[in-house]
Amino acid sequence: MYKNIESGPGRIFLSQIKTPQVGLHNVDEKELSKVSQSLNDLKYNLALPIVSLSDEEDKFFLMTGLPIYELAIKSGLEQIWVFLIAHKKHEVEKLIEQFALQSKLNEQVIDSEDIKNFVEFLNNPESLLTKIRGIGEKYAKKIESKRPYKSAEDIQKQLGPKQSLNWLTAYKEWKNQS
């Protein structure tokens, strides 16, 4: 059983995946709709659910990513990309904590062009600042009152490092959707 199976990414058929009897997931309906549309457009998933070995040959137990699995079925996909950990379910459950910790470090990369565009956006009196997630009317007025900004460091100094980084990330997401 399971000869020469190694841990790592790969594609498997949805019919090879065993799911839990009860599916609990706390995902925003708007996010689910966006992921569903993405699966319909791309025909593959970008986030990799984790699967483990099961007691049945050529079957794998879904450990993470139930919403992705369910949306893949609804989108008519036959296969999805997964990350297989070639151990039994009870052993993999111990590794899920490491997955959660490392996932936090797998954020989108912000490069110098993103920062330059963000500074220009904040400095532009025509920019609709409230289009950026996390910037309400109150923060928009504060941002406007401290213009012009010379750099990302200047923004952090004037508006706070954590808040401005969150806005920069939200700005990049917003630009990618526009």
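Residues numbered from 1 in each chain as written. Predicted model: local features only at pLDDT ≥ 70, side-chain atom pairs only at ≥ 80, totals over all residues. Heavy atoms only, no water.

**Some remarks on the packing of aromatic side chains**
Rules: We call Phe, Tyr and Trp rings a pair once their centres come within 6.5 Å, taking the six-membered ring for Trp, and we label the pair stacked below 30 degrees between planes, edge-to-face above 60, and tilted otherwise. We count a stretch as a helix when DSSP gives it H or I for four or more residues in a row; a strand needs E for two or more, and each element gets its number in order from the N terminus. When accessible area is computed with a 1.4 Å probe and restricted to protein chains, residues below 20% of their type maximum are described as buried, those above 50% as exposed, and intermediate ones as partly exposed.
Enumeration according to the criterion identifies five aromatic pairs in this entry. Relative to Y171, the ring of F118 lies with its centre 5.4 Å away and its plane at 50°, an arrangement referred to as tilted. In this pair, F118 sits in helix α4 (residues 112-123) while Y171 sits in helix α7 (residues 161-177), placing the two residues 53 residues apart along the sequence. Note on accessibility: F118 and Y171 belong to one class, buried. Note on F121 and W174: the rings are 5.5 Å apart at their centroids and 55° apart in plane angle, and the pair reads as tilted. One end of the pair, F121, is in helix α4; the other, W174, is in helix α7, with 53 residues separating them in the sequence.

**Structural notes on the pattern of salt bridges**
Keep this limit in mind: We count a salt bridge whenever a side-chain nitrogen from Lys or Arg sits within 4 Å of a carboxyl oxygen from Asp or Glu.
Considering all chains together, one arrives at seven salt bridges under this definition. Residue D55 pairs with K88 through a salt bridge whose shortest N-O separation is 3.3 Å. A residue pair is termed long-range when its members are at least 10 positions apart, and D55 in the loop between β3 (50-53) and β4 (60-62) and K88 in strand β5 (residues 79-88) qualify at 33 residues. The class for D55 is exposed, based on a relative accessible area of 63%. Overall, K88 belongs to the partly exposed group, its relative accessible area being 28%. For the salt bridge of E113 with K116, the shortest nitrogen-to-oxygen distance reads 3.8 Å. Here E113 pairs with K116, and both are found in helix α4, just three residues apart, close to one helical turn.

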